[in-house]
Amino acid sequence: MASFAELQAAAREQWTAWVNPPRPQLRVGLTTCGKAAGALDTYAALNEAIVEQAAGVDLVRTACLGLCYSEPNVTVVFPDGTAVLHGPVRPANVPDLLQAIRGGRPLERLAVAALSGATTEIEPVDSLDIWKIQVRRLMERCGLQDPESIDHYLATGGYEGLVRALGMKAEEIIQETLDSGLWGRGGAAFPTGRKWDFLRTARGEPKFLVCNADEGDPGAFVNRTLMEGDPHGIIEGMIIAARATGAIRGYIYIRDEYPLDVYRMERAVEQARERGLLGENILGSGTSLDLVVVRGAGSYLCGEETGLISSIQDSRGMPRIRPPFPAQSGLFHKPTNVNNVESYANVPLILRHGVAWYREQGTQRNAGTKMFSLSGRLQRVCVVEVPFGFNTLELLNVAGGGPLPGHQFKGLQSGGPLGGLLPASEISIPLEPEPYRERDVLMGSGGLIALDDTNCIVDLCQWVEWFAEDESCSRCTTCRIGTQRLVEILRRFQSGEGRVSDLERIPLLADTLRWSNCVHGQAAPTAVRNALRYFREELLDHIQRKRCEAGVCRGLIRFEVSPAHARDREVEGAAAACPVDAFRQSEQGWRIDQAACIRCGVCHEVAHEGVRKLAAFPETLPAGTAATPPGQVAAAAGR
Amino acid sequence: MSEVAASHPPLETLLRDVKPNSGHLLKALHLVKEAYGYIPPESVPVVARKLGLTPAAVFGCISFYSELPTTPPPKVEVSWCSGPACRLSGGDEIRRIFEAVLGVPMEGATPDGRVGLHVAQCDGSCCAAPMVWINGRVHGPLTLADAVRIARGLRDGTFEVREEWGHGELR
Ligand SMILES: Cc1cc2nc3c(=O)[nH]c(=O)nc-3n(C[C@H](O)[C@H](O)[C@H](O)COP(=O)(O)O)c2cc1C
Ligand code: FES
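Residues numbered from 1 in each chain as written. Chains lettered and ligands numbered in written order. Predicted model: local features only at pLDDT ≥ 70, side-chain atom pairs only at ≥ 80, totals over all residues. Heavy atoms only, no water.

1. Some words on the overall build of chain B
Regarding its fold elements, chain B presents eight helices and four strands. Of the regular secondary structure in chain B, the N- to C-terminal order runs α-α-α-α-α-β-α-α-β-β-β-α. By principal-axis analysis of the C-alpha atoms, chain B measures approximately 50 × 40 × 30 Å. Across the 171 residues in chain B, those meeting the buried criterion constitute 56%. Counted over contacts in chain B with a minimum sequence separation of 6, partners at least 24 positions apart contribute 60%. Just so you have it, chain B exposes about 7,200 Å², and 55% of that area is on carbon and sulfur atoms. In chain B, the 17 positive side-chain charges and the 19 negative ones have mean positions that sit 2 Å from each other. (Helix = DSSP H or I, 4+ residues; strand = E, 2+ residues; numbered from the N terminus. Buried < 20%, exposed > 50% of the residue type's maximum accessible area, 1.4 Å probe, protein only. Contact = heavy atoms within 4.5 Å. Areas by Shrake-Rupley, 256 points an atom, 1.4 Å probe, with all protein chains shown as cover. Lys, Arg positive; Asp, Glu negative; His and termini not counted. Charge placed at Lys NZ, Arg CZ, Asp CG, Glu CD.)

2. Considering the site of ligand 1
All names here are of chain A. The local shell around ligand 1 holds 18 residues, among which Gly186, Lys195, Asn339, Asn340 and Ser343 are the closest. Within the side chain of Asn212, a nitrogen or oxygen atom sits 2.9 Å from an oxygen atom of ligand 1. Protein burial of ligand 1: of its 610 Å² of free accessible surface, 92% is covered by the chains. Looking at the shell around ligand 1, the elements with two or more residues in it are strand 9 (336-340) and helix 21 (519-523). At three residues, strand 9 tops the list of elements feeding residues into the shell around ligand 1. Class assignment for the residues of the shell around ligand 1 results in three nonpolar, nine polar and six charged. (Near = heavy atom within 4 Å. Polar contact = N/O pair within 3.5 Å; in protein donor to acceptor, adjacent residues only side chain to side chain. Nonpolar A, V, L, I, M, F, W, Y, C, P; charged D, E, K, R; others polar.)

3. Here we look at the packing of aromatic side chains
Residues and elements named next belong to chain A. On inspection of all chains with the given rule, the structure shows nine aromatic pairs over all chains. Ring centres 5.1 Å apart and planes at 45° place the aromatic pair Trp183 and Phe388 in the tilted group. Placement of the pair is Trp183 in the loop between helix 8 (170-180) and helix 9 (192-201) and Phe388 in the loop between strand 11 (382-387) and helix 16 (392-398), with a sequence separation of 205 residues. Note on accessibility: Trp183 and Phe388 belong to one class, buried. Ring plane angle 70° and centroid distance 6.3 Å describe the contact between Phe583 and Trp590, whose orientation is recorded as edge-to-face. The exposure class of Phe583 is buried, given its relative accessible area of 8%. Residue classification places Trp590 among the buried positions, given a relative accessible area of 16%. Taken together, the aromatic side chains of Phe208, Tyr251 and Phe332 make up a single cluster linked through ring pairs. Note that Arg255 overlies the ring of Tyr258, its terminal NZ or CZ placed 4.8 Å from the centroid. One residue, Lys370, lies across the ring of Phe372, its end atom 5.4 Å from the ring centre. (Phe/Tyr/Trp six-rings, centres within 6.5 Å; stacked < 30°, edge-to-face > 60°. Lys NZ or Arg CZ within 6 Å of the ring centre and 35° of its normal.)

4. Side note on the interface of chain A and chain B
The partner chain B presents 52 residues to the 75 residues of chain A that form the contact. When chain A packs against chain B, close to 5,000 Å² is buried across both sides, 58% of that on carbon and sulfur atoms. The largest contributions to the chain A side of the interface with chain B come from Ala297, Asp314 and Arg316 of chain A, which together make up 13% of the buried area. Taken together, the connections running from chain A to chain B amount to three salt bridges. Here Arg87 of chain B and Asp459 of chain A are joined by a salt bridge, their closest N and O atoms 2.8 Å apart. Linking chain A to chain B there are 26 residue pairs in polar contact (both at pLDDT 80 or more). (Buried area = accessible area lost by both parts, 1.4 Å probe. Salt bridge = Lys/Arg side-chain N within 4 Å of Asp/Glu carboxyl O.)

5. Some words on the packing of helix 11 (residues 231-245) of chain A against helix 12 (residues 259-274) of chain A
All names here are of chain A. Helix 12 packs onto helix 11 with a crossing angle of 55° between their chain directions and a minimal axis gap of 9 Å. Judged on the interaxial angle alone, helix 12 and helix 11 are oblique. Pair helix 11 / helix 12 crosses with right-handed handedness. Note on element contacts: helix 12 touches helix 11 through Arg264, Met265, Ala268, Val269, Gln271 and Ala272, opposite Pro231, His232, Ile234 and Ile235. Here the contact of helix 11 with helix 12 is built from residues that sort into seven nonpolar, two polar and one charged. (Axes fitted to C-alpha atoms, helices over the stretch in contact; angles between N-to-C directions. Parallel < 35°, antiparallel > 145°, perpendicular 65-115°, else oblique. Left-handed = near helix turned anticlockwise from the far one by under 90°.)

6. Some words on the state of the cysteines
In the structure shown here, the tally under the stated rule is zero disulfides over all chains. Cys476 of chain A takes part in no disulfide bond, and the closest cysteine sulfur, belonging to Cys479 of chain A, lies 5.6 Å away. (Disulfide = S-S within 2.5 Å.)

7. Topic: helix 7 (residues 91-102) of chain B
Residues and elements named next belong to chain B. Taking 1.5 Å of rise per residue, the 12 residues of helix 7 would be expected to cover 16 Å, and the 17 Å separating its terminal C-alpha atoms lies within 8% of that figure. In terms of burial, helix 7 is a largely internal element, 11 of the 12 residues being buried. Where helix 7 is concerned, the buried positions are Gly91, Asp92, Glu93, Ile94, Arg95, Arg96, Ile97, Phe98, Glu99, Val101 and Leu102. Lining the buried residues of helix 7 we find strand 1 (76-81), helix 6 (84-88), strand 2 (115-120), strand 3 (132-134) and helix 8 (144-156). Of the residues one or two after helix 7, Gly103 is the one with positive phi, at around 70°. (Expected span 1.5 Å × (residues − 1).)

8. Examining the sheet that holds strand 4 (residues 137-139) of chain B
Residues and elements named next belong to chain B. In space, the four strands of this open sheet follow the order 2-1-3-4, with mixed pairing throughout. With partners counted over all chains shown, the strands left at the sheet margins are strand 2 and strand 4, one partner each. With strand direction ignored, the average angle separating the axes of adjacent strands in the sheet is 30°. One ladder, built from three bridges, connects strand 1 with strand 3; its direction is antiparallel. Residue pairing in the sheet places Trp80 in a bridge with Val132 of strand 3. (Pairing = 2+ DSSP bridges.)

9. What about the packing of helix 4 (residues 43-51) of chain B against helix 5 (residues 55-64) of chain B?
All names here are of chain B. Taken N-terminus to C-terminus, the directions of helix 4 and helix 5 make an angle of 110°; their axes are 8 Å apart at the nearest point. On the basis of the axis angle, helix 4 is roughly perpendicular to helix 5. Between helix 4 and helix 5 lies a crossing of right-handed hand. Touching Val44, Pro45, Val47 and Ala48 of helix 4 are Pro55, Val58, Phe59 and Ile62, all from helix 5. By residue class, the composition of the contact of helix 4 with helix 5 is eight nonpolar, no polar and no charged.

10. Digging into the nonpolar core
If you look at the biggest cluster of nonpolar residues, it comprises 142 residues, and the most contacted ones within it are Leu374 and Leu395 of chain A together with Phe98 of chain B. By residue number, the principal contributor to this core is helix 18 (residues 457-471) of chain A, which donates nine residues. Here this core gathers at least three residues from each of two domains, domain 1 (3-64) and domain 2 (76-167) of chain B. Discounting chain neighbours no more than four positions away, the residues touching Phe98 of chain B are Val78, Gly103, Leu117, Val132, Ala147, Ile150, Ala151 and Leu154 of chain B. Counting residues in each nonpolar core, the second largest holds 80 residues, with Trp18, Ile235 and Ile254 of chain A together with Cys122 of chain B among its members. (Core = buried A, V, L, I, M, F, W, Y, C linked by side-chain atoms within 4.5 Å. Domains from an automatic or database assignment.)

11. A few points about the confidence of the model for chain A
Confidence along chain A averages 95 in pLDDT terms, with 97% of residues attaining 70 or more. Here residues 627-639 of chain A is a poorly scored stretch, pLDDT under 50, and it has 21 contacts once near neighbours within four places are set aside; other chains count. (pLDDT = per-residue confidence, 0-100.)

Next up, the structure:
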């Protein structure tokens, strides 16, 4: 087997040819988000044109830089090392792009930024606002290397942390991990070093490692960005963990929705094995580890660590009561350590650069950086990495580009559906667990979803509870029935059948749900509880005035053809678009049959003037004068 | 085995490497799904025997997961994203449009089995929200009018369904 120095030397040759290619190179960002934006069509169109024109360029693959809003991305690299990111590049842009390259130039019209090298016309990437605020450590290589090449990773400092760790004792590695302050990124924020020490000192052989790559929180895609962009960072972290804990076998459990990640992680494992970085006696150190990739089959609960363990060992992915904790009895009843993808990926950085370097970023309480995925009602969907303590609102404004034109932020949904909701007035807070926890929400694993004035809090809560109910494993009655009851109550609000007494029932249900087995049930009512605290008026509007001011709840709205426009062309278009043919024509022009209408709103979208969105119920109470509800609710309602 | 067996690799060959007590159940089920497009109920006893489990235990697992269908998939599967970014930009309205135009509820299929609707989870393609996958290919961001047009095209057989590429095909 080659020595590490030999591996690195061979890898560097590959890397040189990558950054200074002999002829222009086109790197297409191929990831799940890139594919969603049409990157495969762009790739195919480029491939065809290159072959046809014998264009003298090379077409290769890279991953996502996190600038999802600009995908499909094509980075053009010239022999002098100048690399220019282009996006969005559609098949129709291919002729122009290739022509520009033939002239030895990037296509300015589609250029996003220069990733390296100097071009006078195109600004360097670090002058972009979204780049300036970032500290890219975990994401350092994402979108700049071929994610399916171990050589690119090896040539850029990869596995150096491992080499250092292999020269250390288990206790020393654990001490460094503790000193770095690293805590688990999967949601619970437990110190990683402590968990490793539990496994190291646990009795029972063999010991197992699990990488939790279930990333079940809808709207969170930071783990995916790492797996698709830099898979070896995760593997290196796991090998270091094996050295620190004595584990000899590891499982990487990837959700079913991420087939590309399964593919890339499997390839990465194979490559590491070929290079002697996985398997028996790694680099002659005496440490051994083998990794297996397991693909899930569609279940949120398999992200909970005990559910995940059940799922790997041939049973339903149902969480069980802890203790025993996995470190005592986990996979196949053996001591097991479960960490999130991002947790493992931090480890090589700590070992390679040292604790002092690691702690240069972040805050006293929370060292290092964190990846966040931004989505929802903002201008730019993206994945970014910032130091802990960065201001949430600033992140939404700078990286996310702020609210959509003509709209304002209404709030934030963080930490997955069970993480809860904050109103816009509360989101100028540091990105750290504590300020979130103080507000009864969870910062969580990295998903940040922006809400604006077109969104209804009741509808969002109903979605959250629908999700919680749909994904409940149904073991505990509290969780199974509690979530169902919350859905029913919220659906009542949405259909104009809300009861004031429901506002007391919700805290009661939330309190009952706390007695569920696992955090799924316990956290299920978070969003509703937040809504009662931060959006009480909006709930009361739904219940008492039967009003959904955002115009979302289908039982509280109706669409009407405006009489003045009843004969307009535009309204005819709306009638043609109606999926249920609810438009009726008479002498007076068009009208909508309310019994047939499903309130999808396509007519209003097509004929903005001609079809109006109105309240379904007549105004009974003037706005803001909701009758005082009984009991404990009364005091707060007056706000 | 019924007629499914005729056109596919025999289960025994397919499940050659599957062993008991090794955490192979999900792998076995994925192998079956990949070969058959779904988990034929007849395959359950075979999988169970290979793994040293009872068929009931295997069935219990299959029913726990949402991506292990036990009936053949429709020719065209519309997977509707139930995620938050889609929801906040009209995803639920899009669901209602597909259901109304095709005349089937979620997880249902048209009587001829041609077009079906499936509830899917967000995979972080939120830059295309609101969207649906049609046989794996993302369609989005959709306006409501787009949704009506696509749903009608699917109903009338005029919508050109293009399969998504596999991951290994690009090299
Ligand atoms: C319902 C539920 C879903 C979860 N989903 C995930 C997940 O998708 N990914 C993850 O890393 N952790 C998830 N967790 C947290 C895990 O149980 C566990 O705390 C974590 O994987 C530990 O790794 P860490 O210490 O590195 O954070 C979930 C927890 C619950 C209760
Ligand atoms: S919410 Fe639909 S893709 Fe993320």
